[in-house]
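Survey of secondary and tertiary structure
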Amino acid sequence: MSEADLVRAALEESAASSGWCKVVGDWRQDEPPVPLALLTEVVTAVHAAGGKVAVHCQTAEGTRNAVLAGADSLEHGMHLDPGLLDRMAAQGTAFVPTLAAFGRGVDAMRAREPSVRRDLWLAGWETMFGNVRAAHEAGVTVLAGTDSFPCGTVASESAWLARAGLPAGAALGAASWTARSWLGLPGLVDGAPADLVAYDTDPTADPAALDHPRRIVLRGHVVR
């Protein structure tokens, strides 16, 4: 796909899904990101059609472009400039750091031979815990998300957010009620879909409990 096709493709994806599209705003550290002007055009067009835009970004410039373009969420946000956090909070851009995906690979990355890509990756990882805490303190919505296999590991992401320094309630909410509210889904209110998970112990006091649900109810049906 050429850059000229990006706006059309984003609109098509948004229309064919729940209103969301995901733009890969950058990829490798040594490759240029999607230009700010083009990314802004994408976000403006999708917003005008009533949709939302998530942007994959791992480089400093790619992350900056996503924020300045007004993206609805930053996926990964490695090398995020803390100076952008107030803008993110003001415009409602959520931060989805996917710490588990990176955390699982830290040791392997450190074992590699030094290279520009390795060193930049590790430098970005070293800032992520601090950025997660700073984002929360600045009023940015921090959410628990994953994009790697195996699927269904959002509980692990919540635990990583707690390790990064989010309060227990915020780390748990990032994977449940905060995420639902931010996505425009109802919580525990009359008439809402009965989606809930029950535990023997309070997961805000014991995050390890998230891996051992006693009861799972999805749309009113008990699945466990």
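In every chain, residue numbers begin from 1 and rise along the written sequence. In keeping with the model being predicted, local features are shown solely for residues with a pLDDT of at least 70 and side-chain atom pairs are shown and tallied solely at 80 or more, while totals for entire chains, interfaces and linings include all residues. As a convention, hydrogens and water are excluded, and side-chain values are obtained from all of the structure's heavy atoms.

**What about the overall build of the protein?**
Scanning the protein for helices and strands turns up 10 helices and 7 strands. Computed over the C-alpha atoms, the radius of gyration of the protein is 18 Å, within 12% of the 17 Å expected from 2.2 N^0.38 for a compact globule of 224 residues. Viewed in the frame of its principal axes, the protein has a C-alpha envelope of about 50 × 45 × 30 Å. Taken across its 224 residues, the protein has 40% of its residues classed as buried. Here the analysis covers contacts within the protein between residues at least 6 apart in sequence; of these, 53% occur between residues at least 24 apart. Under the convention used here, a 1.4 Å probe and the Shrake-Rupley method define accessible areas, while residue burial counts only the protein chains that appear. In the form shown here, the protein has an accessible surface area of approximately 11700 Å², with 55% of it arising from carbon and sulfur atoms. Across the protein, the mean location of the 18 positive side-chain charges is 5 Å away from that of the 26 negative side-chain charges. Strands are runs of DSSP state E lasting at least two residues, helices are runs of H or I lasting at least four, and both sets are numbered from the N terminus onward. We compute the radius of gyration from the C-alpha atoms alone; for a globule the expected value is 2.2 Å times N to the 0.38, where N is the number of residues. The rule is simple: take the accessible area with a 1.4 Å probe, protein chains only, and divide by the maximum for that residue type; under 20% is buried, over 50% is exposed, in between is partly exposed. By definition, residues are in contact when any of their heavy atoms lie within 4.5 Å. Under this rule, positive means Lys or Arg and negative means Asp or Glu; His and the chain ends count for nothing. By convention, the point assigned to a charge is CZ for Arg, NZ for Lys, CD for Glu and CG for Asp.

**Points about the state of the cysteines**
Two cysteine sulfurs form what is called a disulfide whenever their separation falls within 2.5 Å. A complete count under the given rule lists 0 disulfides for this structure. You can see Cys21 has no disulfide; the closest cysteine sulfur is in Cys57, sitting 14 Å from it. By relative accessible area, which is 2% here, Cys21 ends up buried. Classification of Cys57 by relative accessible area gives buried; the value is 0%.

**Brief notes about empty space enclosed by the protein**
A cavity, in this analysis, means grid points on a 1 Å lattice covering only the protein atoms where a 1.4 Å probe fits yet has no way out; a pocket is instead an open set bounded by protein on both sides within 12 Å along at least five of seven lines, and a residue lines either one if it has an atom within 4 Å of a point. Grid points are joined across faces, edges and corners, and a volume is the space filled by probe spheres set on the points. Under the definition given, this model contains 1 cavity of 30 Å³ or more. By volume, the largest cavity is sized at about 60 Å³. Contributing to the lining of the largest cavity are Ser158, Ala159, Ala162, Ala168, Ala171, Leu172, Pro203, Thr204, Pro207 and Leu210. Elements supplying a minimum of two residues to the lining of the largest cavity: α8 (154–163) and α9 (168–173).

**Considerations on the sheet that holds strand β2 (residues 52–57)**
Two strands are said to pair when DSSP picks up at least two bridges between them. Spatially, β1-β2-β3-β4 is the arrangement adopted by the 4 strands of the open sheet, whose pairing is parallel. Sheet topology places β1 (20–24) and β4 (94–96) at the edges, where each strand pairs with a single neighbour. Sheet twist, expressed as the mean angle between neighbouring strand axes with direction ignored, is 25°. For β1 and β2, the ladder comprises 5 bridges, and the chain directions are parallel. The residue of β2 that forms the bridge with Trp20 is Lys52. Helix axes are fitted to C-alpha atoms over the stretch in contact, other axes to C-alpha atoms as well, and angles between N-to-C directions run from 0 to 180 degrees. On the sheet, helix α3 (residues 60–68) packs against β2 and β3 (73–76) and is oriented at approximately 165° with respect to β2.

**Quick word on the sheet that holds strand β7 (residues 221–222)**
Read from one edge to the other, the open sheet built from 3 strands follows the order β5-β6-β7, with strand pairing classed as antiparallel. With one partner strand each, in any of the chains shown, β5 (196–198) and β7 form the two edges of the open sheet. With 3 bridges connecting them, β5 and strand β6 (residues 215–218) associate as antiparallel partners. Note on β6: the bridge partner recorded for Ala198 is Arg215.

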